[in-house]
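# Architecture at a glance
Given next are the chains, with one letter for each unit.
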Amino acid sequence: MSGTYLRRNLLQYGFTIFCLIAFLCFTVVVSVSQEPTVTTSTASAELVPRVVYVELEGSQSDPLGVLPEMIYLQAAAHEALLRSASREGADSILRVEKEPGSTFLRVLLLNEEAVHEVQHRLRDQEPSFSEVLEIIGPTVEQLLPYLGPVERVRGEAELTLRRRQVAAAESLAFEDRLSTPWQLSLLFGELRQISYTEETDSASVDTETISISALFPLIAEISYFRSRNFGLVGRMSLDYNSTTGFYDSVAGEGEDDANDRSVDAWDKTRNIIVLPGVGIMYRSLGRIAMDFTLLYSLGVAHVTATEAVTMDRDGAREDVLEERESRVFLYQLLTLQPGVSYALNESWALRAGLSLSFDASVLWGGADATPYSFGAAFLLRWLQLGVARRF
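So, here's what we can say about the structure. (Residues numbered from 1 in each chain as written. Predicted model: local features only at pLDDT ≥ 70, side-chain atom pairs only at ≥ 80, totals over all residues. Heavy atoms only, no water.)

### Structural notes on the overall build of the chain
- Helix and strand content of the chain: six helices and 20 strands.
- Per-residue burial over the chain gives 40% buried out of 391 residues.
- Long-range pairs, those at least 24 residues apart, make up 68% of the contacts in the chain with a sequence separation of at least 6.
- Per element, the accessible surface of the chain, about 21100 Å² overall, is 58% carbon and sulfur. (Helix = DSSP H or I, 4+ residues; strand = E, 2+ residues; numbered from the N terminus. Buried < 20%, exposed > 50% of the residue type's maximum accessible area, 1.4 Å probe, protein only. Contact = heavy atoms within 4.5 Å. Areas by Shrake-Rupley, 256 points an atom, 1.4 Å probe, with all protein chains shown as cover.)

The following block contains the structure:
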C-alpha cells in the first residue's frame, strides 16, 4: 500500500473523528447550559402554611398568661402553622381577653377575612392550671377549621428560582450518589465502516460499506475512580469477525498478470482477536454524562484464510496465505473512545460510544511497519452499545 493512500486515509478518518467528538461535546454542553426564560410579568398562587402571631400578656406563672401559647402549640400539632414575630407579617392573630374581676373569658382568632371567637365561663375569677387545661381542647377544636393553609401569590421569577434551587439540590445529590469508586461495563456489537479497493486490469474502484455486528466485539471493562472524574481502566476484548483486513488482496486467477484481479481481503479471513488492555478514563456525572477513554491493548490475533490471500507491499506481492491456512499475530492497538451514558438510576446506566483504534507504529513506520495490512492497523467503530453497573 502506497504512502499516499495511507496518508489520505489517516487524514480522512482523523477529520471525521474530530468532527464527531466536537459535535458530541457541543450537543451536551448546549443541553446542559440552556435554561428556561424567567418572566416576571406573570404571577402564580400556591397554598402555604398559615402564619400566626400569638399575643402573650401577663407572667409565665399566670395560667391565663400562657393560655395563648398552649392553644397555639396544641393547634400546631394538628395543622401546619408558622410562628410570626410581629403582627405585620401574620395571617392570623391569637388573643385571650378577660376583664378584671370577671369570670367571662374570650379566645379570639383574628383572620384577615373574619374574627372567630370562643367563649368560656370560668368557675373562679383567677382560674387554676387544671381549669385552664380543660379549656385548651374545646378551644382548639372550634378554631382549627379556621387555621388552614392560605393562598399566597408569588411572582413567576420567585417560583422559578425556587424550582431551580430544588432541582439543583436534587441534581447535586444525584451526582454524589453516582460518584462510586467502581464501575463495571459490558459493551457488545458494533456499527463499522469498511473501506477497500477493488482493482481490475482496467480500473481501480474505492468502495465503502457498513458492517453491523450484534454481539462482537464483546468487551468487559472494570474502572476504578480515585476521584469523582478520573479513573483507571482494565479491559478484556474478544472479537470474532471477517471484517478486520489483515491481508490486502485475493490472488488473481488470470493466465498472466495483466488479467489478475485483486480485492482487499477484509472478508476473506476468519479472525479471532483477544485483546487485554489498560488505560485511563475521564467521566462527567449526571443523568446524561460523557466519558473519554484512552486505552492501550496488547494481545493476539488468530487469522484463518477462507480463500488464498496475499499482501501487496510497494507493488510486490508477498506473505501468501493459502486457503484454510492460519497465522497468529502479536496485535497491539491504541484506542481513543469518547462516549455518552444515561443513568437509569443510581446503580445502572446505558452506554454508547465510538472508538478510533490504530497501531501506533504505523504513524512513523507506514504500512510496512506491521506484519499485517493497513486495514487491521486502523479501525473506526461508529457505534458500540452496552450497560454499566456502579458500585
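The discussion continues.
### Considerations on the nonpolar core
- In this structure, Phe-246, Tyr-247, Ile-273, Ala-301, Phe-329, Tyr-331 and Tyr-372 are the most contacted members of the largest nonpolar core, which totals 22 residues.
- Mapped by element, the contributors of at least two residues to this core are strand E14 (269-283), strand E15 (288-305), strand E16 (309-313), strand E18 (326-343), strand E19 (348-358), helix H6 (374-377) and strand E20 (378-390).
- If sequence neighbours within four positions are ignored, Ala-301 has contacts with Phe-246, Ile-272, Ile-273, Arg-327, Val-328, Phe-329 and Tyr-331.
- Grouped together as the second largest cluster of nonpolar side chains are 21 residues, Tyr-72, Leu-122, Ile-136 and Leu-147 included. (Core = buried A, V, L, I, M, F, W, Y, C linked by side-chain atoms within 4.5 Å.)

### Structural notes on the sheet that holds strand E3 (residues 81-83)
- Read across the open sheet, the five strands follow the order E3-E2-E4-E5-E6; overall the sheet is mixed. Edge strands, defined here as strands with exactly one partner in the open sheet, are E3 and strand E6 (115-121). Between one strand axis and the next, the sheet turns by 25° as a mean value, whatever way the strands run.
- With seven bridges joining them, strand E4 (residues 92-98) and strand E5 (residues 104-111) adopt antiparallel strand pairing. Paired with Ser-92 across the bridge in E5 is Asn-111.
- Sitting on the sheet, helix H2 (residues 67-76) is in contact with strand E2 (50-54), E3, E4 and E5, with an inclination near 145° to E3. (Pairing = 2+ DSSP bridges. Axes fitted to C-alpha atoms, helices over the stretch in contact; angles between N-to-C directions.)

### Here we look at a nonpolar patch on the surface
- On the surface, Leu-186, Phe-188, Leu-215, Ile-288, Tyr-342, Leu-344, Trp-348, Leu-350, Leu-383, Leu-385 and Val-387 cluster together into a nonpolar patch covering about 950 Å² of accessible area.
- Of all elements in the fold, only strand E8 (182-199), E19 and E20 reach the threshold of two or more residues within the nonpolar patch.
- For the nonpolar patch, the element with the highest residue contribution is E20, accounting for three residues.
- As for its position among the elements, Leu-350 is in strand E19. (Patch = residues over 30% accessible without salt bridge, like charges linked within 9 Å, V, L, I, M, F, W, Y side chains within 5 Å. Salt bridge = Lys/Arg side-chain N within 4 Å of Asp/Glu carboxyl O.)

### Topic: the packing of aromatic side chains
- One pass over the full model with this rule turns up ten aromatic pairs.
- Taken together, a centroid distance of 6.4 Å and an interplanar angle of 5° make the contact between Trp-182 and Phe-391 stacked. Of the two residues, Trp-182 is situated in strand E8 and Phe-391 in the segment after E20; the sequence distance between them amounts to 209 residues.
- Taking the relative accessible area as the measure of exposure, Phe-391 reaches 44% and is therefore partly exposed.
- Here Tyr-247 and Phe-329 contribute two aromatic rings whose centre-to-centre distance is 6.4 Å and whose plane-to-plane angle is 50°, an arrangement assigned as tilted. A residue pair is termed long-range when its members are at least 10 positions apart, and Tyr-247 in the loop between strand E11 (230-241) and strand E12 (249-250) and Phe-329 in strand E18 qualify at 82 residues.
- Judged by relative accessible area, which is 6%, Phe-329 ranks as buried.
- In this structure an aromatic cluster arises from ring pairing among Phe-246, Tyr-247, Phe-329, Tyr-331 and Tyr-372.
- In this structure, Arg-83 is placed above the aromatic ring of Tyr-72, and the distance from its NZ or CZ to the ring centre is 5.1 Å. (Phe/Tyr/Trp six-rings, centres within 6.5 Å; stacked < 30°, edge-to-face > 60°. Lys NZ or Arg CZ within 6 Å of the ring centre and 35° of its normal.)

### Looking at H2
- By the burial criterion, the buried members of H2 are Leu-67, Pro-68, Ile-71, Tyr-72 and Ala-75. What you see down the axis of H2 is that its buried residues fit within an arc of 135°, all on one side.
- Elements in contact with the buried residues of H2: E2, E3, E4, E5 and helix H3 (129-143). (Arc of directions from axis to C-beta.)

That's the geometry; what it means functionally is another story.
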